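Chain residues, written in single-letter form:
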Amino acid sequence: MSTEENPAAAPRSLAEALRGRDDVSLAALLRSRPDLITPVPTDLTQLATRAGTRASVVRALERLDRFTLQTAQALAIASEPATYDELLGLMAGDDGDPAVSAALPHALGTLREQALVWGGDGRLRLVRTARELLAPSPQHPSPTGLGPTVREAGAGISPGRIQEILTTAGLPSTHDSVSALDALTGLFDDPERMSALLDQAPSGSVEVLERLVWGPPYGQVTADPAPRLRWLLDRGLLLPTAPGTVVLPREVALRLRAGRAHRTTEPVPPPVEAAAAHRPQMVDATAAGQAYTALATVEELLKDWHEGGPGVLRAGGLSVRDLKRTAVALDVPEPVAAFWVELAYAAGLLASDGEADERYAATPAYDEWLERPAGERWARLATAWLAATRTPGLVGERDAKDRTLSALGPGLDRSSAPEVRHRVLALLAGLPEGAAPDTGSLLARLRWERPPRADRTGGGPGGGAPSPYARRTPAPPAEQARGAAARAGGSGAPGYPADGASAAGGDDDLRSRLARWTLAEAEMLGVTGRGALSSHGRALIGAPPAPRHADPQTEPTGPGDKLPVHHRQAPAPPALSPAEQATAAAAAARLLDPLLPEPLDHVLLQADLTAVAPGPLERPLADMLGVLADVESKGGATVYRFTPASVRRALDAGRSAADLHAFLAAHSRTPVPQPLAYLVDDVARRHGHLRVGAASSYVRCDDDAVLNEILADKRAAGLGLRRLAPTVLAARTDPAALLEGLRAMGFAPAAESAEGDVLIARADAYRTPPRTPPEPVPDGPPVPDDTLLAAAIRAVRAGDLASTAPRKPVGGAAGGAPGELPRTSAADTLAGLQAAVLTNDTLWIGYVNAEGGASQRVIAPIRVEGGFVTAYDHTADEVRTYPLHRITGVAELAE
């Protein structure tokens, strides 16, 4: 890469550098840093100012990969401006590293694209805010572990002491401190003289340097330092920064590091290794089975809440007791139950009803969802899971106010969740077909792409400095130095923990946990099978076809076969727009549909009063069987058990004994067992023999002997029964309680209406009002689409033209200096606008709006009448009308 550059042509500021970019480059900047376009800046100067703000720079730095971030950290400790060769030396070291040399142009290009670095190869400049965040200082040591330069560290040393250091180091004395520090810097920068100086060092002094060289560079010494420390202090290899505190100068550390800014550079992302491989057909079949289970689980959940689910806590969410009940009903652990509940909520199938006695229930969208094909139903769940920011894995943990996070409650949104989910699946898509990833290598890859905060701020291989991103009062250098001094053989003070380590670790730990949760949830949902991405999961994220194995002999033949770890990974699929995601979901549904089992229209009745469903049942059959029998066990085959209570439940729903016999005969592949037929007939014969109504309530029966039996039973004492007539008993309890009481005594009463008709007890479906799914909490401004980018760039270009273009005076009045509003008299303003209408010229105007805000605009006047000018505003890219009295002046644009 060339380092030659014409200084006269070099940009003098970031704004000038942005002004020299084309529209494609500006679009790349705004796409990578969407916060710069909210709102659209008026010109490129404002864009450059916004790109240099602390919040925007921190956000950009946090989204760099490890090697690009290391490049920015190296620029922060380089001279300003730096050359490309100097940067390469800091990254590759004195011996050079071919991998670093090959990767550095791309990393530098990324920093330039994101406006974190500007200038040519001969004059590279890091944005000032980024330098302040990453450069070493006593308050914020560098993430590289390097300290201040000799000039910075020696600024507070007395002139006499500096001359003593020169003499001891074997350098001639100078006339002032500035030249003395320059001479000392020259000594440390000279490899030969530096090597000769270190050859004279005692072994203890060398050990101290080795302990400080990779940071933190500060150490603490006593008033009477040990001889090994005194030797270093006398030669300037350690410089005092405060009473009792010393620092290893940057030049010394770099010379000891062989010129490298980082202990370890990582120019190449670590590959995601394949732990095992399976046949693609097995992966798809396993994933399809999990997808079917997911659909059945969501249906079972909402069927359990069919008549209205549990209540909503006052603070929002599901109580711990209700979550436990749901887990028991679904026969899953509580964390898994929380996942299914949150998934149904994210898909818009479940919501609160909003009533005074608020509770959860299915939404009207659930009924529509049930009518869709199985593949489409799964695609809706999977798409909602991919985009959801709510994180079920956090359920049961504590928030910042020490409150328990509940399912469906507040505080579960994590804006990074969708990005982590998509990235994990994208990395799985890069593996060969049927390959399951090694979790450790997957997490290592994610950490390289988005380094933990400890690595960004000095807690990683480069050093142990506290975070410069955190706004906190820094510890004094003396405290920062205690740990290093103890290691270096100083005063032996207790070690100093890295400030903010726990706070930083929280976010970084969450990102790793999100990745682990993604792997588990994708398996439960059927996006993956046996840990490998399925074909419909690949289609869901818009990934290209899976790469095949290069060596036919490595083609997997069993579930435990290993893959070569050096396989080439396919590029990650890009993020999808909403329209593209809908298309991908439809494609995934088409791939999944043939893999799902066909619903069955029969069961196998057995003599032990059970029915076995050998597979999924058609919905009408499953619904009726769910009323007539109780589910005893689930799995590949579902076992239903018939009991007197379940048969009575079917009779209460309006079915007759003949209906039940016909249903069983029509849907059984085996003859109806005699015990089951007897059970149906026996329950039906007694069903409705007693009648319960409202008096508060009453019981009537044609057989007065049955009523006598009820009155004589001690268990009826709590019902408050008394005889009104030979065939009628009155009760003080309500009809529902009377029904339950009589059934507990072994009778089979039926409820009747005020007209004396038997009431048919059907489970009425309770639905919430129409609800929309919860909106994901965005992780900052959304990435603008191409249309918005094009309009924003046109507006910025036009605004920049208005603020920087040369102007001609109008009517003898000056157009004003750049950045100032044009000033002309009212007569000259009107004359200039009217002339521009006739000549179709473009003018530069100053405008003050109703709120007093001043702006510059480039307009092409169309007509002037009634005290207004109508013109095409190039800045806004639309036709607008302006009152003449708010225009401060006009000026023509120079050719």
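Residue positions within a chain follow its written sequence, with the count starting from 1. Where totals are concerned, whole chains, interfaces and linings use all residues; where local detail is concerned, this predicted model gives features only for residues with pLDDT of at least 70, and gives and counts side-chain atom pairs only at 80 or more. With hydrogens and water set aside, each side-chain value is computed from the structure's full complement of heavy atoms.

**Some remarks on the overall build of the protein chain**
And then number 1: A tally of helices and strands in the protein chain yields 35 helices and 26 strands.
And then number 2: Among the 895 residues that make up the protein chain, the fraction classed as buried is 49%.
And then number 3: In the protein chain, 68% of the contacts between residues at least 6 apart in sequence involve partners at least 24 apart.
And then number 4: Where accessible areas are quoted, they stem from the Shrake-Rupley method and a 1.4 Å probe; at the residue level, only the protein chains shown are allowed to cover. Summed over its atoms, the accessible surface of the protein chain is roughly 40600 Å², and 54% of this surface lies on carbon and sulfur atoms. Numbering goes from the N terminus for both helices and strands, where a helix is a DSSP run of H or I of at least four residues and a strand is a run of E of at least two. Burial classification: accessible surface area is computed with a 1.4 Å probe over protein chains only, and a residue below 20% of its type maximum counts as buried, one above 50% as exposed, and the rest as partly exposed. Note on contacts: a residue pair is in contact if any heavy atoms of the two residues lie within 4.5 Å.

**As for the pairing of strand β4 (residues 239-242)**
And then number 1: Paired strands are those between which DSSP finds at least two bridges. Here β4 pairs with strand β5 (residues 245-247) via three bridges, running antiparallel. Within the sheet, the bridge partner assigned to Ala242 lies in β5 and is Thr245.
And then number 2: Hairpin connection from β4 to β5: two residues lie between these consecutive antiparallel strands, with Gly244 at a positive phi of about 85°.

**Quick look at unusual backbone geometry**
Peptide bonds are trans in most cases, and residues, glycine excluded, mostly fall at negative phi.
And then number 1: At the junction of Thr38 and Pro39, the peptide bond is cis and its omega measures out at -10° in the coordinates.
And then number 2: Relative to the elements of secondary structure, Pro39 occurs in the loop between α2 (23-32) and α3 (44-51).
And then number 3: Here Glu80 and Pro81 are connected by a cis peptide whose omega angle stands at -5°.
And then number 4: As for its position among the elements, Pro81 is in the loop between α5 (66-77) and α6 (84-92).
And then number 5: One non-glycine residue with positive phi stands out, namely Ala258, at about 60°.
And then number 6: By the element assignment, Ala258 lies in the loop between α15 (250-256) and β6 (274-277).
And then number 7: In this structure, Leu609 takes a positive phi of about 65° despite not being glycine.
And then number 8: Within the secondary structure layout, Leu609 lies in the loop between β12 (604-606) and β13 (610-613).
And then number 9: Taking the relative accessible area as the measure of exposure, Leu609 reaches 23% and is therefore partly exposed.

**Focus on the packing of aromatic side chains**
And then number 1: In summary, the pairing rule links any two rings of Phe, Tyr or Trp, Trp by its six-membered ring, whose centres are within 6.5 Å, and it sorts them by plane angle into stacked for under 30 degrees, edge-to-face for over 60 and tilted for everything else. One pass over the full model with this rule turns up four aromatic pairs.
And then number 2: We call a charge positioned over a ring when the NZ of a Lys or the CZ of an Arg lies within 6 Å of the ring centre and within 35 degrees of the ring normal. Above the plane of the ring of Tyr766 lies Arg359, whose end atom (NZ or CZ) is 4.2 Å from the centre.
And then number 3: It is Arg377 that lies over the ring of Trp369; its NZ or CZ is 5.4 Å from the centre.

**Here's the deal with the sheet that holds β5**
And then number 1: The three strands are arranged β3-β5-β4 in an open sheet whose pairing can be described as antiparallel. A single partner strand is all that each edge strand has here, and the edge strands are β3 (218-220) and β4. Neighbour-to-neighbour, the strand axes of the sheet open up by a mean angle of 40°, direction not taken into account.
And then number 2: Of the pairings in the sheet, the one linking β3 to β5 comprises three bridges and is antiparallel in character. Paired with Gln220 across the bridge in β5 is Thr245. Axes here refer to lines fitted to C-alpha atoms; in helices the fit is confined to the stretch in contact. Angles between the N-to-C directions go from 0 to 180 degrees.

**Details of the packing of helix α10 (residues 159-168) against helix α11 (residues 177-189)**
And then number 1: Between α10 and α11, whose axes approach to 10 Å, the crossing angle comes to 30°. Taken as axis vectors, α10 and α11 run roughly parallel relative to one another. Here α10 runs over α11; the crossing is left-handed. From α10, Pro159, Ile162, Gln163, Ile165 and Leu166 reach across to α11, where they touch Ser177, Ala180, Leu181, Ala183 and Leu184.
And then number 2: Tallied by class, the residues present in the contact of α10 with α11 amount to eight nonpolar, two polar and no charged. Orientation labels follow simple angle bins: below 35 degrees gives roughly parallel, above 145 gives roughly antiparallel, 65 to 115 gives roughly perpendicular, and whatever is left gives oblique. By the definition used in this description, the sense in which the near helix is turned from the far one sets the handedness, with an anticlockwise turn below a right angle giving left-handed and a clockwise turn giving right-handed. Think of it as three bins: nonpolar holds Ala, Val, Leu, Ile, Met, Phe, Trp, Tyr, Cys and Pro, charged holds Asp, Glu, Lys and Arg, and polar takes everything else, Gly as well.

**Side note on the side chain of Arg377**
And then number 1: Following the sequence through the fold, Arg377 ends up in helix α20 (residues 374-387).
And then number 2: As used in this structure description, the phrase polar contact means that two N or O atoms lie within 3.5 Å; if the pair is within protein, one of them must be able to donate a hydrogen and the other to accept it, and residues adjacent in sequence are counted only when both atoms belong to side chains. A polar contact of 2.6 Å, which involves the side chain of Arg377, links it to the side chain of Glu299.
And then number 3: Apart from the residues lying within four places of it in its own chain, the contact partners of Arg377 are Leu295, Glu299, Trp369, Leu370, Arg372 and Arg619.

**Section: the sheet that holds β12**
And then number 1: Strand order in this open sheet of four strands is β12-β13-β15-β14, and the pairing throughout is antiparallel. Each having just a single partner strand, β12 and β14 (630-633) make up the two edges of the open sheet. The sheet shows a mean angle of 30° between the axes of neighbouring strands, direction not considered.
And then number 2: With four bridges joining them, β13 and strand β15 (residues 638-641) adopt antiparallel strand pairing. Bridged to Ala613 within β15 is Thr638.

**Thoughts on the environment of Ala835**
And then number 1: Examined against the element boundaries, Ala835 turns out to sit in helix α35 (residues 826-839).
And then number 2: For Ala835, a relative accessible area of 39% puts it in the partly exposed group.
And then number 3: Along the primary structure Ala835 and Pro861 are separated by 26 residues, whereas in three dimensions their C-alpha atoms are 9.2 Å apart.

**Some words on the pattern of salt bridges**
And then number 1: We define a salt bridge as a side-chain nitrogen of Lys or Arg found within 4 Å of a carboxyl oxygen belonging to Asp or Glu. Here the structure, examined in full by the defined rule, presents 39 salt bridges.
And then number 2: Arg398 serves as the salt-bridge partner of Asp402, at 4.0 Å between the closest nitrogen and oxygen. This pair shows no difference in class: Asp402 is exposed, exactly as Arg398 is.
And then number 3: As a salt-bridge pair, Glu632 and Arg641 come within 2.4 Å of each other at their nearest N and O atoms.
And then number 4: A single salt-bridge network, built from bridges that share partners, covers Arg161, Glu164, Arg230 and Asp234.

**Notes on the side chain of Glu449**
And then number 1: Secondary-structure assignment places Glu449 in helix α22 (residues 439-449).
And then number 2: Ignoring sequence-local partners within four residues, the contact set of Glu449 consists of Leu64, Asp65, Arg423 and Leu427.

**A short note on the environment of Thr83**
And then number 1: With respect to the secondary-structure elements, Thr83 resides in the loop between α5 and α6.
And then number 2: The spacing of Thr83 and Gly122 is 39 residues in sequence and 4.5 Å in space, taken between C-alpha atoms.
And then number 3: Beyond its immediate sequence surroundings of up to four residues, Thr83 is in contact with Asp121, Gly122 and Leu124.

**Things to note about the nonpolar core**
And then number 1: The nonpolar core is taken to be a set of buried Ala, Val, Leu, Ile, Met, Phe, Trp, Tyr and Cys residues, with the residues joined through side-chain atoms within 4.5 Å. With 94 residues, the main nonpolar core has Phe188, Leu237 and Leu238 as its most contacted residues.
And then number 2: For Leu238, the residues in contact, after removing those within four places along its chain, are Val208, Leu212, Leu229, Leu232, Leu233, Val246, Val247, Leu248 and Pro249.
And then number 3: Core analysis: the second largest hydrophobic core is formed by 73 residues, Ala344, Val424, Ala585 and Ala588 among them.

**Some remarks on the pairing of strand β26 (residues 887-893)**
And then number 1: Of all seven residues in β26, six are buried, a share of seventy percent or more.
And then number 2: Relative to β26, strand β22 (residues 843-848) runs antiparallel, the two being bridged by five bridges. Across the sheet, residue Tyr847 finds its bridge partner in β26, namely Ile887.

**Focus: the packing of α5 against helix α7 (residues 98-113)**
And then number 1: Closest axis-to-axis distance for the α5/α7 pair is 9 Å, and the angle between their directions is 80°. Between α5 and α7, the angle falls in the class roughly perpendicular. Contacts from Phe67, Thr68, Thr71, Ala72 and Leu75 in α5 reach Val100, Ala103, Leu104, Ala107, Leu108, Thr110 and Leu111 in α7.
And then number 2: When grouped by side-chain class, the residues that make up the contact of α5 with α7 number nine nonpolar, three polar and no charged.

**Focus on the environment of Leu721**
And then number 1: If you trace the backbone, Leu721 turns up in the loop between α32 (704-712) and β18 (722-725).
And then number 2: As for Leu721 and Val699, which are separated by 22 residues in sequence, their C-alpha atoms are 8.8 Å apart.

**Re helix α31 (residues 674-686)**
And then number 1: Helix length check: α31 (13 residues) gives 19 Å between terminal C-alpha atoms against 18 Å at 1.5 Å per residue, within 8%.
And then number 2: Listed as buried for α31 are Leu676, Ala677, Leu679, Val680 and Val683. An end-on view of α31 places all buried positions within 160° of arc, on one side of the element. Residues of α31 that are exposed and angled more than 90 degrees away from the buried face: Gln674, Tyr678 and Arg685.
And then number 3: Against β12, α29 (644-652) and α30 (657-667) lie the buried residues of α31.
And then number 4: Where α31 terminates, the next one or two residues include Gly688, which has phi positive at roughly 85°. Between the first and last residue of a helix there are one fewer steps than residues, each counted as 1.5 Å, and that sum is the expected span. Throughout, the arc means the angular range of directions from the helix axis out to the C-beta atoms.

**With respect to α3**
And then number 1: Taken together, the buried positions of α3 are Leu44, Leu47, Ala48, Arg50 and Ala51. One side of α3 holds all its buried residues, which, seen down the axis, span an arc of 165°.
And then number 2: One side-chain oxygen of the residue at the start of α3 lies 3.1 Å from the amide nitrogen of Thr45, identifying that residue as Asp43.

Function cannot be read off these values alone, since they describe shape.
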